[in-house]
Every structure is written in C-alpha cells, then in structure tokens.
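# Fold and geometry: a report
Next come the chains, spelled out residue by residue.
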Amino acid sequence: MSESDNPFLHASDLPYELPDFRRIADEHFGPAFEVGMAEHRAEVEAILSNPEPPTFENTVVALERSGRVLDRVSTVFFSRVSAHTNPAVEELQARIAPQLAAHRDAVALDPRLYARLRDLHGRRHDLGLDPESLRLLERMTDDAVRNGAELDDAGKARLRELNAALSSLSTAFGRHLLADANASAVHVDDPARLDGLSSGAISAAAAAAAARGLSGHLLTLVLPTGQPALASLTDRALREELFRASVERGARGGEHDTRALVSELARLRAERARLLGFRDHASYVAADSTAGSVEAVAGLLADLAPPAVANAKAEAVELQAVAGEETLEPWDWAFHAERVRRQRFSVDTATLRPYLELDRVLHDGVFFAAGQLYGLRFVERDDLVMYHEDVRVWEVFDDAGLVGLYGADFYARDSKRGGAWMNSLVTQSRLLGQRPVVMNTLNIPKPAGDEPTLLTFSEVTTLFHEFGHALHGLLSDVTYPRFSGTSVPRDFVEFPSQVNEMWSLWPEVLTRYARHHETGEPLPADLVEKLRAGRAYGEGFATTEYLAAAVLDQAWHTLTDEVPDAEHVQEFEARALADAGIALPAVPPRYRSTYFNHVFAGGYSAGYYSYIWSEVLDADTVEWFTENGGLRRENGDAFRAAVLSRGGAVEPMAAYRAFRGRDPEIAPLLGRRGLNR
C-alpha cells in the first residue's frame, strides 16, 4: 500500500480536518500506526539530539507539534474500538496496545528528554513565558517524573514490562466484557413475557433479535448492573433472569471470564505504583488529581455512606411493604420503586416516553440550552460521512463564526461497548490551527423501521450529561493540544457535564422539548411537577449503588502486595463492601468488578469517586446559576470564560474559584441527595 493510499498519513482536507471515513478502511490502521510511531520517534530524536541548548520552542513546543500521524490514526482507531468494533479491529488492538505502550515509554524514559525539561524547568521563571506556556513546561516536567524519568535503568526496564502488560490486560478486559455482554443477552420467545415494556422497548428487542438472526425478542444488556427493563417487566422470573445475566457477566467461567484479568490488573498496577514511589495505585492517581490524596477520597466516601445506606434501608422497608409476601430481591427493586413512583407521583416511564422523542430532545432541549447560554447554533451536515451510517454530524457556530463539528452516535449495537461517553476526533489548538471535532456516543435501543425513538427520562439526562462533555471540547480555547477541552484531572472532568444536566429540568427548556411526538402537546403541568418531585425519590438507592462501586474501585487500588487471585474476586468484593458498611443485598454496586469497564478497561482506575467529587462542584454551581437567573447568556459566558474554554491550561480549582469566587461548599450536594446529617 502506497502512502498516498492511506488517508491517515496526511491531514484530511475535509472541514475541520474531519477524518475521511469514506476512504478509511480497516487495513489502513496497521500501516498508519507503524508509520506514525516511526515518524514520531524520528521527530523526538531530532528534538533530543539538537546540539543547541534547550529552549521552550525547540523542546516543549516541538514536542507538542510532534506525532500528528500517530494522533490521527489513534483517535479514529480507538473510537472504532469503543463504538464499532469487529474481529479485525480487535485483533489489531491486541497487537498494537503493547507496541503503543512501548512507544510511549521509549519517549518518556529517554534520559535526554528529562535532562532538557529539567534544565528548562530550573530556568522557567526567567524564560518570559506566558501563564499557559509556563504551566505546559511544569506539567511536562511533572509528567516525566510520574512516568518514571528518575528511575534507574533496572527500574525503567521493569516499568516498560509493566506498562506493556497492563495495556494488553486492559485491552483484553474490554474485549472479553463486550463478548460476554453480547452472549448474555436474554432471548425471549414468548412475547407475553414482555408485559409491562413499552411498545418502543418491545420493538427495539425485536430488532435486536432480528439483527442476530433470532426469532422473538432479545433483551440486550447495558453496562451498569441495573437494566432498564427491570423497572417495567411484570414477569418476576424474567426479571430475575435478566438481573442474573447482568451481574454474572465476566464471572461464569469460560473464555470470556474476566476475574483473572481483574486480579492481574490490580496486582500489576500496585507494583507499578510502588516502583514509582507510591504506596499504592490509588495514591499514584490521587497525587495528580484535585482530591490530592487517598485519605481525602476515603473521607468523602466515608462521610456519605452512612446517610446513603440509611436512606436506602428506609426505601427498602417501603418497597417490601409494596412487594407483600415476596421477599424484596435486587431484581424487584426497580419494579416496585416504579410502582411507588406511579402511586405517589402519578407518573411512570411509559407515561413520559411519548413526550421524549430523541430529535426534539436534542434540538429543542440540548441545542436550545446551548444556544441560550453560549450563543451556539447547530446545522446538520448530511454530506459528512462517519464510521457508521447511524452517526450524525452538525456544524457548530457562535457569534464569532465557526466553532467546530459535533457528532452523535445514539443507538446501541453489538459492535459497540455499553455506556455513554464523549471523545474527540480532532482537538482544538491554536498552535496547530485546529478547531474541535467532538463525539457523543450513547446506547439507546434502536426501534424497528420508522418508529420514533422515544426516550426514558434517564436517557434524556444522559444526553444532557454527555453534551456537557462535548461543550467542554467544543468551547476549548487554548494554545497547546496538551490542554485542550477535557484534558483535566479525572475528578474535575465530570464537573461541566454534571452541571449541564440541570437544564434537562429547567422550565424554559423542558417546556420546549417535552412534547407529545404525535400531537405536539406539551407535557402536562401536573406531570412536570410530579416528574420534578419524583426525581428526588430513590436517592438512597442511587447514592448507595454508586458509592458501592466507588468503594470497590478504591479497595482494588489501595492494595499493595496481597492481591486476591481469580477464585477469590467475589469474596474480596463482599469483604470490601462489608468493611465500608455499604453491603446491602438488595442494592448491588452499580458495577461489579468483573464488568467494571470504567476502571479495568477505561481511564477511571482509582478514579470512579470522581463523579461524586465533581458533584460537589456541580451542585454548588447549579446553586449559582439558579441564584443568578438560570438560562442567561451572561451566566453561560461567565462559565465558558472561567471553566469551559480553559481546559487544562489553568489549575482546575483555580478555574473554579475564578468562576465561583470561592471554594466549593458541600451543602448543596447533601441537600440534593437527601444526605443532610
């Protein structure tokens, strides 16, 4: 294959350098990785062998400019791995992951790099750098130390081995989990057993079965423990079957069992942390976060667990009364909670769904709020092709003109991992002259034929949440790609996305998008009030299941040398939950270890606490927006200037204080979740 035939080897000539998916084929990835790594090595070698004394331009800026081919192929490839994989992509991922780890180490552990950075760092206040450039130099130097630059040769050799192994293991975890999740989907031959599901959900189950060449219906699994159908299915035996299919993922033996991977990942992460001078992996992660320490994380979780568990136990008593003589089991919780919600607030999922049609939620809800706050306009570009026919693209404008591109991949499919996320295909950078191209990916069941896509309110909230991440990428205004968009500490990155959820229930927004898909009638006012009231119901369960997952993450990653083997993974889980006082049989963790993709295949290892940590900032910020008039352009401009546009170019809590005028307060979070003590 000639270089001219490989679309990754040259910058795309499409708008905003959007990858040319019309030309990209699976066979382009491997050669592009090879060329990209070789080119990057040559660029770095030229920097490090430069006989001239190190300067900010010939070292730091040159490093920021390097690796363009590798960046282009990596962003597309790993988007495909998550959202539209196939055996060829998975095979290449398994082969390329350790090679990429070795490539990163070859750069990071070169003593010449650290020598140049250390020289510049020692003279940093004499270089006349602007604040963003100074921060870049400081971050690069800190990263070099965190990446092992100060290890001796034997330590560096072992670090390379560990990084390669960890890369391969996390790749394997994601691959096995996707395969097991697909294999665990529940096949239903008798349509009567689907009683309670909406027509749209039944249609989606029929389409999922047909896509696999099966008769009847297929209940596919979403990533968390709780499956949406559990709130509606009247067939208790089917609820139990679906629940067990969910919690047994990765733990039923066979080729896709993930327990050995969990154990080995925890063990090797602990060894790497010790090698780098940290007590454990969680300490390594916390040192580069806004939390700052494992003790700060543990303190927050310990403070929140008792009131959350107390609320969950009170909810369980109420649900047991509704369940009658049947013992309340975890597969019953969502079903009976939905009944209580209907009885108390006279609203249920089936009642709301006709008012929550996807396109209307997107245009008259998500986009409308972004327009009011930030002056954004969205124009769909049907001419721009993405990696799958379901992916849509919008060009984004503001008062100053062009902003970037926004892509959305809404529907679930077997080639996509579970969950919802944001990623960038092109990152904003004034240095490189790049505008952002960002993606949101969800897993909404796709209805058959021309039926409308009707959402649950949970899916609406998820869309607003992920779009908050997209705004963080779209509104980035930094010089260096290292700081673009969501390039902030893990426990800060969820802050803007969680703030954006507030607009899903803001009156001016809700009245625009919550309209009946057939009649156009708005959601009745009484249902609006009951929806708001009903949102507060069940916070005991929601907080407890989340905290249980965060506790498991911390438990695995505060281990030092005694790591349980595969046979004792579930035993370790049970002990960790019990020790934290958060072991409730009817309230399982949002993720169990064997399908905890966030921490064993994603970027959240020792960082799942980030959601609640960020929610402290989020709840405090929601209070600020509310006190200052809500959906106003002045408010959006203030948030954009202080937080969204700055990415990692400023210290995160400094950005928060610049916006809020003070440090965050926890009281709004406690009130929101009913955890006032």
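Preceding block: the structure.
First, a word on what this report is: a plain description of the structure on this page. (Residues numbered from 1 in each chain as written. Predicted model: local features only at pLDDT ≥ 70, side-chain atom pairs only at ≥ 80, totals over all residues. Heavy atoms only, no water.)

### Structural notes on the packing of helix 23 (residues 610-627) against helix 24 (residues 633-644)
Cut-off, in case you're wondering: Axis definition: a line fitted to C-alpha atoms, limited for helices to the stretch in contact. Angles are taken between N-to-C directions and run from 0 to 180 degrees. A run of H or I in DSSP becomes a helix once it reaches four residues, and a run of E becomes a strand once it reaches two; helices and strands are each numbered from the N terminus. When the near helix sits turned anticlockwise from the far one by under a right angle, the crossing is termed left-handed; a clockwise turn instead gives a right-handed crossing. The contact criterion used is simple: two residues touch if any of their non-hydrogen atoms lie within 4.5 Å. Each residue gets one of three labels, nonpolar for Ala, Val, Leu, Ile, Met, Phe, Trp, Tyr, Cys and Pro, charged for Asp, Glu, Lys and Arg, and polar for the others, Gly among them.
Interhelical geometry of helix 23 versus helix 24 gives an angle of 145° and a closest axis separation of 10 Å. Note that helix 23 runs across helix 24; the crossing there is right-handed. Between helix 23, through T621, W624 and F625, and helix 24, the contact on the second element is made entirely by N635, G636, A638 and F639. Within the contact of helix 23 with helix 24, the residues separate by chemical class into 4 nonpolar, 3 polar and no charged.

### A word on the sheet that holds strand 3 (residues 377-380)
Note the following rule: Being paired, for any two strands, means DSSP has found at least two bridges between them.
Strand order in the open sheet formed by 5 strands is 3-4-5-7-6, with mixed pairing between adjacent strands. Sheet topology places strand 3 and strand 6 (421-426) at the edges, where each strand pairs with a single neighbour. In this sheet, neighbouring strand axes are inclined to one another by 30° on average, regardless of whether the strands run parallel or antiparallel. Pairing between strand 4 (residues 392-398) and strand 5 (residues 401-411): 7 bridges, direction antiparallel. Counted as the bridge partner of W394 is Y406 from strand 5. Contacts between helix 15 (residues 358-374) and the sheet are confined to strand 3, strand 4, strand 5 and strand 7 (437-444), with strand 4 contributing the most and set at about 20° to the helix.

### Overview of the pattern of salt bridges
The following threshold applies: One side-chain nitrogen of Lys or Arg within 4 Å of one carboxyl oxygen of Asp or Glu is enough to make a salt bridge. Here's how the labels work: a residue is buried when its accessible area is under 20% of the maximum for its type, exposed when over 50%, partly exposed in between, all with a 1.4 Å probe on protein chains only.
Summed over all chains, the structure comprises 56 salt bridges. The salt bridge involving R344 is made with E318; its shortest N-O contact spans 2.0 Å. Placement of the pair is R344 in helix 13 (residues 330-345) and E318 in helix 12 (residues 294-323), with a sequence separation of 26 residues. What makes R344 partly exposed here is its relative accessible area of 44%. With a shortest N-O distance of 3.3 Å, R341 and E338 are connected by a salt bridge. Here R341 pairs with E338, and both are found in helix 13, just 3 residues apart, close to one helical turn. On the accessibility criterion, E338 (6% relative accessible area) is buried. Connected via shared salt-bridge partners are E539, E615, D618, R672 and R673.

So yeah, pure geometry; function would need other evidence.
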